[in-house]
Every structure is written in C-alpha cells, then in structure tokens.
Amino acid sequence: MQLDRWRSAKELLLATGPDWALRTSRSQVLAAGAAGNHAIESWCAEEPKDRDALVMWARVLTQRVIHAHRVGASAKGLVMAFNTANAACKAAAERWPADPVPGVCSLALAQTDTDETSPRSRLNWEWPRDAMLPPGPWQLLDWVHRRDPYNREAYHRMLGVFHARGRGGLDFAQWVASFAPDGSPLKALPLYAYVESYRRQLEQGPSVGAIAYWTTEVTAHYAQRTLYDWFRESKPSERSLLDLNYLAYVLTVTGVGNAGEVFEAIGPYVTNAPWALVTPNLEWWQDDFRTARRKALSDGSRRR
C-alpha cells in the first residue's frame with residue numbers, strides 16, 4: 001500500500017513538471033494526505049536522490065512541525081522537528097535549485113518561529129528594506145519570488161507568519177495587493193487579513209460589532225479592488241475556491257454588493273473558511289452562507 005501511494009505521488013509530480021504554481025498546490029495537497037503515514041519515507045528510502053521525493057519529504061516534515069506547534073508540543077521536541085524539516089528543505093533546494101517549493105516550506109516553518117528572544121533561524125527575523133513593515137523571513141520570500149513571481153502559497157505563508165506573531169499582517173497584505181498584477185489572487189490577500197483580525201476580536205468578546213468593523217471606506221475599498229482587479233481579471237479555471245468564498249463573504253458584510261456573480265462562480269462548493277471563522281455560533285456557518293447567497297442572487301447583485 002505504501003508503495004502504491006508514493007508511486008502515485010511520483011507520477012503526479014512528474015506529470016506536473018516545472019509548472020510552479022501547479023507543483024506548489026499539488027505538493028501541498030499530497031503532503032496533507034501523507035503527513036500521517038510513512039509513504040514518503042518509503043519513497044525516499046527507495047529513491048533517496050529523486051528530487052520529487054526530496055521535496056515531498058520537506059513538505060511532509062513541514063506539515064508535521066506545523067501540526068505539532070498547533071497542538072502544543074514541547075519546546076525541545078519542536079526545535080528538533082524544526083531543524084530536521086529545515087535541513088530537508090535545504091536538501092530539496094540543492095537537488096533542484098529552480099524549484100520554489102522548498103522555499104515555500106521554509107516560509108511555512110517560519111510560522112512556528114514566534115519568539116524573537118529565542119529565534120530558530122535568523123532568516124525568520126530580518127528587517128525588510130521598507131522599515132514600515134515588520135521583521136520576518138523576507139529573504140526566503142524573495143527567494144521564492146525569484147523562482148515563481150507572486151506564488152500564492154508563499155505570500156499566504158508570509159501573512160501567516162505575521163498572524164502567528166500577532167502583528168503586521170494587515171500592513172503586509174495591503175502592501176502586497178498594491179503591486180500584485182491584475183488577475184493575481186494576491187489581490188485578495190487583504191481580505192484574509194481583515195477576516196483574521198475580526199476573528200481574533202470575536203475571540204476576545206463582542207467589543208466591536210460586525211457592522212462597525214466591516215462597513216468602513218477602507219474595507220469597502222479592498223472588497224471592490226478584489227472584485228475588479230482579481231475576480232473580473234482572472235480566468236475561472238485559475239480561481240481558488242477559498243479566494244472566491246472570502247470575496248463573497250467580504251462583499252456581503254461590507255455592503256459593497258455585486259456578490260451574486262461570485263456566488264455563481266462558487267456554485268455549491270462552499271468552504272468552511274471564512275464562514276465558520278466569523279460566525280457567533282459554529283453551527284450557523286452553513287446557514288450564514290446560504291442566506292448570503294440567496295440574498296445576493298435575488299437582489300440583482302450580479303455584474304453591473
């Protein structure tokens with residue numbers, strides 16, 4: 001069974017080739033499924049110099065570090081797991097220098113490096129050229145960007161670093177959206193930052209109501225810009241379902257409207273985020289989605 005699993009992964013990645021965006025997304029999905037078994041270890045044991053095996057090993061180890069961090073593993077165990085995964089990222093990068101995925105893994109690992117007084121890697125705490133932005137793994141992001149400009153996962157991982165540290169996420173997301181080309185899913189990055197900020201406020205108590213938080217000129221601006229600069233400039237086949245759900249949600253809660261066409265693009269394929277992240281009752285999120293979709297499709301808020 002392990003043999004069948006890693007051979008399927010090998011065939012898929014081999015067929016993907018140097019389509020970096022597709023390689024990034026496919027390797028991420030494969031790692032999510034392989035992190036709990038030994039299929040990739042078997043592959044590496046069988047073909048220790050295979051570049052796809054090495055990158056998948058980096059992916060799997062990274063996935064395990066992130067999981068261990070989330071469940072509160074011991075500091076000593078996390079440091080050891082981090083160092084092992086980091087070494088796997090370097091080995092994969094050396095085996096295929098053009099591949100951006102090892103750098104994406106390093107950015108993901110940086111999400112677990114949250115204590116500036118005891119950094120796990122100096123690369124995770126560098127100051128950017130723009131002093132208005134916080135320290136972070138800027139060199140790693142630049143490394144990925146040179147290989148695959150505007151790599152979606154890389155920039156989302158970088159945003160995740162700032163969210164994990166509790167500061168700088170919105171500034172970073174707005175900065176990225178200011179220069180990402182039209183049609184790029186990174187135009188939607190500020191929506192993720194706003195949702196995360198709102199989710200954290202909900203955790204702390206009802207200090208700010210949804211209307212007060214969402215109905216501002218700034219949130220409306222980024223909702224509109226995402227609609228016009230990403231959604232209407234992108235090909236349907238290239239749109240992330242998660243990005244579509246975030247856009248539909250933010251268009252709805254900001255009162256900007258025009259959400260009907262986005263809900264039509266979503267069809268029946270709702271994602272739990274952001275709906276489950278921002279509902280006052282977790283049992284309501286699917287009803288929240290249906291209500292928002294029904295209203296958007298019935299009030300003429302399609303393209304205009």
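The following paragraphs examine the structure supplied in this document. Bear in mind the structure is a predicted one, so any value in this text is a computation, not a measurement.

**Re the packing of helix H6 (residues 101-110) against helix H8 (residues 152-165)**
In helix packing, the relevant descriptors are the interaxial angle and the interaxial distance, both defined with respect to the helix axes.
Phase 1: The geometry of H6 relative to H8 is characterised by a closest axis approach of 8 Å and an angle of 15° between their N-to-C directions. Taken together, the axis directions place H6 and H8 in an arrangement best described as roughly parallel. Our pair here, H6 against H8, has a crossing hand that is left-handed. Contact residues: Val-104, Leu-107, Ala-108 and Ala-110 in H6; Glu-153, Ala-154, Arg-157, Met-158, Val-161 and Arg-165 in H8.

**Comments concerning the environment of Ala-88**
Phase 1: You can see Ala-88 is positioned in helix H5 (residues 75-95).
Phase 2: Ala-88 sits 13 residues away from Val-101 along the chain, and the two C-alpha atoms are 12 Å apart.
Phase 3: Excluding anything up to four places from it in sequence, Ala-88 contacts Leu-54, Trp-57, Ala-58 and Leu-61.

**Quick look at the packing of aromatic side chains**
What describes a pair of aromatic rings is the distance from one ring centre to the other and the angle between the planes of the rings.
Phase 1: Under the definition given, this model contains 22 aromatic pairs.
Phase 2: Ring centres of Trp-6 and Trp-43 lie 5.8 Å apart, and the angle between their planes is 10°; this geometry places the pair in the stacked category. Of the two residues, Trp-6 is situated in helix H1 (residues 2-16) and Trp-43 in helix H3 (residues 39-46); the sequence distance between them amounts to 37 residues. Pair check on accessibility: Trp-6 and Trp-43 agree, each one buried.

**Section: the nonpolar core**
Phase 1: Formed by 53 residues in total, the largest nonpolar core has its most connected members in Phe-172, Val-262 and Phe-263.
Phase 2: Filtering out sequence-adjacent residues up to four positions away, Val-262 remains in contact with Leu-227, Phe-231, Leu-244, Leu-247, Ala-248 and Leu-251.
Phase 3: The next biggest cluster of nonpolar side chains, apart from the first, holds 24 residues, and it includes Trp-6, Ala-9, Ala-34 and Leu-109.

**Observations regarding the pattern of salt bridges**
Phase 1: The tally for this structure, following the rule as stated, stands at 16 salt bridges.
Phase 2: Linking Arg-23 and Asp-52 is a salt bridge whose minimum nitrogen-to-oxygen distance equals 2.8 Å. Of the two residues, Arg-23 is situated in helix H2 (residues 20-34) and Asp-52 in helix H4 (residues 51-70); the sequence distance between them amounts to 29 residues.
Phase 3: Take Arg-23: its relative accessible area is 1%, and that puts it in the buried class.
Phase 4: By relative accessible area, which is 6% here, Asp-52 ends up buried.
Phase 5: The salt bridge involving Arg-232 is made with Glu-261; its shortest N-O contact spans 2.5 Å. Taken together, the positions of Arg-232 in the loop between helix H12 (217-230) and helix H13 (241-254) and Glu-261 in helix H14 (residues 260-266) put the pair 29 residues apart, joining distant regions of the chain. As far as burial versus exposure is concerned, Arg-232 and Glu-261 are alike and both buried.
Phase 6: Put simply, Glu-196, Arg-199, Arg-200 and Glu-203 are held in one network by salt bridges that share partners.

Criteria and cut-off values
- Residues numbered from 1 in each chain as written.
- Predicted model: local features only at pLDDT ≥ 70, side-chain atom pairs only at ≥ 80, totals over all residues.
- Heavy atoms only, no water.
- Axes fitted to C-alpha atoms, helices over the stretch in contact; angles between N-to-C directions.
- Helix = DSSP H or I, 4+ residues; strand = E, 2+ residues; numbered from the N terminus.
- Parallel < 35°, antiparallel > 145°, perpendicular 65-115°, else oblique.
- Left-handed = near helix turned anticlockwise from the far one by under 90°.
- Contact = heavy atoms within 4.5 Å.
- Phe/Tyr/Trp six-rings, centres within 6.5 Å; stacked < 30°, edge-to-face > 60°.
- Buried < 20%, exposed > 50% of the residue type's maximum accessible area, 1.4 Å probe, protein only.
- Core = buried A, V, L, I, M, F, W, Y, C linked by side-chain atoms within 4.5 Å.
- Salt bridge = Lys/Arg side-chain N within 4 Å of Asp/Glu carboxyl O.

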